[in-house]
Amino acid sequence: MTSKDSVIVDQPFVAQDQLGSHRPLWRITLTKFWQNRLAVIGLVLLSIIIISALLAPWIAPHDPNWQNLRMRLQPPSAEFWLGTDHLGRDIFSRLLFAGRVSLFVGFSAMLGAITIGTTLGAIAGYYGGRVDAFIMRTVDVVISFPSIFLLITLVAIFQPSIDKLILSFALLSWTGTARLVRGEFLTLKQREYVLAARTLGMSNMSIIFRQILPNAMGPIIVAATLAVGGFILAESALSFLGLGVQPPTASWGNMLTNAQSLNVFRNAWWYPTFPGLMIFITVLSFNFVGDGLRDALDPKVLER
Amino acid sequence: MSDSMPNNSPLQSFDAQGQAQPLLRVENLKKHFPIYGGLLKRQIGSVKAVDDISFVVRPGETLGLVGESGCGKSSLGRTLIRLYEPSSGKIVFDGHDVSNLPESKLRGFRQQVQMVFQDPYSSLNPRKTIATILSEPFAAQGLYKGKERLERIDHLLQRVGLNPSLKNRYPHEFSGGQRQRIGIARALALNPKLIIADEPVSALDVSIQSQVLNILEDLQDEFKLTYLFIAHDLAVVKHISDRIGVMYLGKMMELAPKRELYSSPKHPYTQALLSAVPKAHPDEVRPDRILLKGDLPSPANPPAGCVFHTRCPKATEQCRQRTPVLQEVANDHWVACHLYGETTSEQ
């Protein structure tokens, strides 16, 4: 073939090995996350909250359940940093121990919900057809449950306990994740690297877990982060209604329960304020971190 | 099977010519994608992406497939490699019918037929290093372990002109041409006999295209590879192919050796396609440009008779009613057109 009848000109092949400096994926993600100030603030706040909850037994100046009725509703002071409650217990110490409970409920319920949702969503999205239809109709059914009433009924029938709370949260909240993951899988399974994996003879399980799932992790991590905040809020609401974590175990929600009398509101502003503030700051921080992760894990960063 | 074939089929004559057994033989292959609609989501039609196509690929050759976007050439490639389930017809690879094998029995086939994909930005998993991507063929087939696998990966990278020291980098750190070479290395890993290249250079800059084409040609010589090369760029196909098939709306319109096709195209569609190639030189003598009227009809509702009759400048009444079959009009030159000969299919 001469060069006249072809637009392709043979040229010596030059290896272009001159690449920019090596940038691993995690560093790109980290840089992106770092640029989002709110997310960083959220992460710092969350770290402080989580670490102090973990170290509660060593940090807390008082026994969280130690009652001193002569010290009821004391304002913040050198001895009681954030004041005392209606039974004379130290609010700061209780907040630390309540944080353990609330965070534990939030993280455990998140792990349960994300695991169920990711597995079912991945199967539905990857296999499609009848499997997909069955799983997604199940999702519709679960979403249609009036969850608050169901939770109240469950708790009314069985004794409320932390593990039942976690279980019912997980079983009622995996649906959002399932829909999200299914959507991701529907898109990603069409990618050419998935087709390539199929032509190589890779098994379906390998393709789902090794090829597609790592690329769907971004949205899943974001959903998981936001879910923890949501579950903490839900736990607070149920505990506030007396259906969640039972006294004397402290949770941020049930601390608010005892703070709702008019007397407390008028004369002891610190009692409802600090548990409420903890819930607020924690949930807000989770949301900020979630938003930051959403940007940082955006797969578009990797393309082009 | 030969009883059911029309006398003058491209498969039969191939055998009659007494050449070596074809590496790939495609018989009346159809791939129809169902369209669901209505309240009850019943099937209300189908997109006939590949509609009754027969041809062979001979060992060591490069068969080019050209056609407009949406003519079904990519669907054909993906059906041949069993990414799509064929609706009907046969795919015979190396003497074995693989058209109905369940996925679990395709292992051997998967080793011998590989694919190079169009989009180098989507064909490599962005979350994996090059070393991981190139170890996947071996992992999937349970071949080579540990150190030997790593050596193979280095060797593959060298074969496609990349420095093995870059293997711990991620796809996003490479250029389009480099990524496409990694894709070729992956296709090469299992030592396949046939590589289906689905528009492997159309996403690349022209200057990079020739590099990648040259690599493909070098590898073909070195490993005695057979290519099915799908493209819409006529110059690229002309450069690399031995024979060229022209597709239109899911059908094979013309199939001929490269020189034959370019020097004397028979089908009006091929003539129109070739007349659209820009002249390489202003003094070059060319037949006048043939402009096709109208758009590509929908493959969900292809025209009756010859699918090309709605746009064909030479269409007759016969073309509107009867579907022409692919027949040999000159040595190894196959055309599906009523202008040449009388043979028509029953329908």
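Residues numbered from 1 in each chain as written. Chains lettered and ligands numbered in written order. Predicted model: local features only at pLDDT ≥ 70, side-chain atom pairs only at ≥ 80, totals over all residues. Heavy atoms only, no water.

**Some points on the side chain of threonine 225 of chain A**
Residues and elements named next belong to chain A. Position of threonine 225 relative to the elements: it lies in helix α10 (residues 204–240). By relative accessible area, which is 12% here, threonine 225 ends up buried. Within the local environment of threonine 225, its side chain forms a polar contact with the backbone oxygen of isoleucine 221, the two atoms lying 2.7 Å apart. Residues contacting threonine 225, with those up to four places away along its chain left out, are Phe286, Val289, Gly290 and Leu293. (Helix = DSSP H or I, 4+ residues; strand = E, 2+ residues; numbered from the N terminus. Buried < 20%, exposed > 50% of the residue type's maximum accessible area, 1.4 Å probe, protein only. Polar contact = N/O pair within 3.5 Å; in protein donor to acceptor, adjacent residues only side chain to side chain. Contact = heavy atoms within 4.5 Å.)

**Brief notes about helix α7 (residues 162–173) of chain A**
Residues and elements named next belong to chain A. Look at α7: 16 Å from first C-alpha to last across twelve residues, which is about the 16 Å you get at 1.5 Å a residue. Taken together, the buried positions of α7 are occupied by Leu165, Ile166, Ser168, Phe169, Ala170 and Leu172. Structurally, α7 contributes buried residues whose contacts are with α4 (91–127), α5 (129–144), α6 (147–157), α8 (175–188) and α10. (Expected span 1.5 Å × (residues − 1).)

**Quick notes on the packing of aromatic side chains**
Across all of its chains, the model carries eleven aromatic pairs over all chains by this definition. Aromatic pair phenylalanine 169 of chain A and phenylalanine 231 of chain A: ring centres 5.5 Å apart, planes at 20 degrees, arrangement stacked. Linking phenylalanine 169 of chain A in helix α7 with phenylalanine 231 of chain A in helix α10, this pair joins segments that are 62 residues apart in sequence. Look at phenylalanine 93 of chain B and phenylalanine 109 of chain B: their rings are 5.7 Å apart centre to centre, the planes differ by 80 degrees, and that puts the pair in the edge-to-face class. Placement of the pair is phenylalanine 93 of chain B in strand β4 (residues 88–93) and phenylalanine 109 of chain B in helix α3 (residues 107–112), with a sequence separation of 16 residues. By the burial criterion, phenylalanine 93 of chain B is buried, and phenylalanine 109 of chain B matches it. Here the aromatic cluster, defined as three or more aromatic residues joined through ring pairs, consists of Trp269, Trp270 and Phe274 of chain A. (Phe/Tyr/Trp six-rings, centres within 6.5 Å; stacked < 30°, edge-to-face > 60°.)

**Describing helix α7 (residues 206–223) of chain B**
All names here are of chain B. Over its 18 residues, α7 runs 26 Å from end to end, which matches the ideal 26 Å to within 8%, given 1.5 Å per residue. Among all positions of α7, only Ile208, Gln209, Ser210, Gln211, Val212, Leu213, Asn214, Ile215, Leu216, Leu219 and Gln220 are buried. Turning to α7, the residues buried within the fold contact β3 (62–66), α5 (146–159), α6 (176–188), β8 (226–230) and α8 (234–240).

**Thoughts on the pattern of salt bridges**
The full count for this structure, using the stated rule, is 19 salt bridges over all chains. The residue arginine 159 of chain B makes a salt bridge to glutamate 222 of chain B at a minimum N-O spacing of 2.5 Å. Here arginine 159 of chain B is found in helix α5, whereas its partner glutamate 222 of chain B is found in helix α7, with 63 residues between them in sequence. Judged by its relative accessible area of 42%, glutamate 222 of chain B is partly exposed. Residues joined in a network through salt bridges with shared partners are Asp85, Arg89 and Arg94 of chain A. (Salt bridge = Lys/Arg side-chain N within 4 Å of Asp/Glu carboxyl O.)

**Some points on the nonpolar core**
Of all hydrophobic cores here, the largest spans 131 residues; its most connected members are Ile91, Phe169 and Phe185 of chain A together with Leu219 and Phe229 of chain B. If one sorts the elements of this core by residue count, α4 of chain A sits on top with 15 residues. Once residues within four sequence positions are removed from consideration, phenylalanine 185 of chain A is found in contact with Ala122, Gly125, Tyr126, Ile208, Ile212, Leu213 and Ala216 of chain A. Counting 35 residues, the second largest nonpolar core, distinct from the first, contains Leu63, Leu65, Ile230 and Trp334 of chain B. (Core = buried A, V, L, I, M, F, W, Y, C linked by side-chain atoms within 4.5 Å.)

**Considering the sheet that holds strand β1 (residues 24–37) of chain B**
Residue and element names in this part refer to chain B. The four strands lie next to each other as β2-β1-β4-β5, forming an open sheet whose pairing is antiparallel. Each of the sheet's edge strands pairs with one partner strand only, and the pair in question is β2 (42–57) and β5 (96–97). For β4 and β5, the ladder comprises two bridges, and the chain directions are antiparallel. Across the sheet, residue valine 92 finds its bridge partner in β5, namely aspartate 97. (Pairing = 2+ DSSP bridges.)

**Topic: a nonpolar patch on the surface**
Nonpolar side chains collect at one region of the surface, where Leu38, Ile41, Val44, Leu45 and Ile48 of chain A lie side by side and expose about 430 Å² of accessible area between them. Looking at the element boundaries, valine 44 of chain A is found in helix α2 (residues 37–54). (Patch = residues over 30% accessible without salt bridge, like charges linked within 9 Å, V, L, I, M, F, W, Y side chains within 5 Å. Areas by Shrake-Rupley, 256 points an atom, 1.4 Å probe, with all protein chains shown as cover.)

**Considerations on the sheet that holds β3 of chain B**
The pairing of strands in a sheet happens through backbone hydrogen bonds and is either parallel or antiparallel. All names here are of chain B. Taken in spatial order, the eight strands line up as β6-β7-β8-β3-β9-β10-β12-β11 in an open sheet, and their pairing is mixed. Each having just a single partner strand, β6 (113–116) and β11 (327–330) make up the two edges of the open sheet. Strand after strand, the sheet turns through a mean of 25 degrees between neighbouring axes, direction not considered. In the sheet, strand β10 (residues 251–257) pairs with strand β12 (residues 333–335) via two bridges, with the strands oriented antiparallel. In the strand pairing of β12, glutamate 254 is matched with valine 335. Together, β6 and β7 (194–198) form the strand contacts of α6, whose direction differs from that of β6 by roughly 175 degrees. (Axes fitted to C-alpha atoms, helices over the stretch in contact; angles between N-to-C directions.)

**Things to note about the state of the cysteines**
Residues and elements named next belong to chain B. Within this structure, the stated rule accounts for zero disulfides over all chains. Take cysteine 306: it sits in no disulfide, and the sulfur closest to it among the cysteines is that of cysteine 319, at 5.8 Å. You can call cysteine 319 buried: its relative accessible area is 9%. (Disulfide = S-S within 2.5 Å.)

**Overview of the pairing of β3 of chain B**
Residue and element names in this part refer to chain B. Where burial is concerned, most of β3 is hidden: five out of the five residues are buried. What you see with β3 is no split at all: Thr62, Gly64 and Val66 on one side and Leu63 and Leu65 on the other are buried throughout. Inspection of the sheet shows β3 paired to β8 by four bridges, in the parallel sense. Bridged to glycine 64 within β8 is phenylalanine 229. As judged from the four bridges shared by β3 and strand β9 (residues 243–248), these two strands associate in the parallel manner. Counterpart to leucine 65 in the pairing with β9 is glycine 245.

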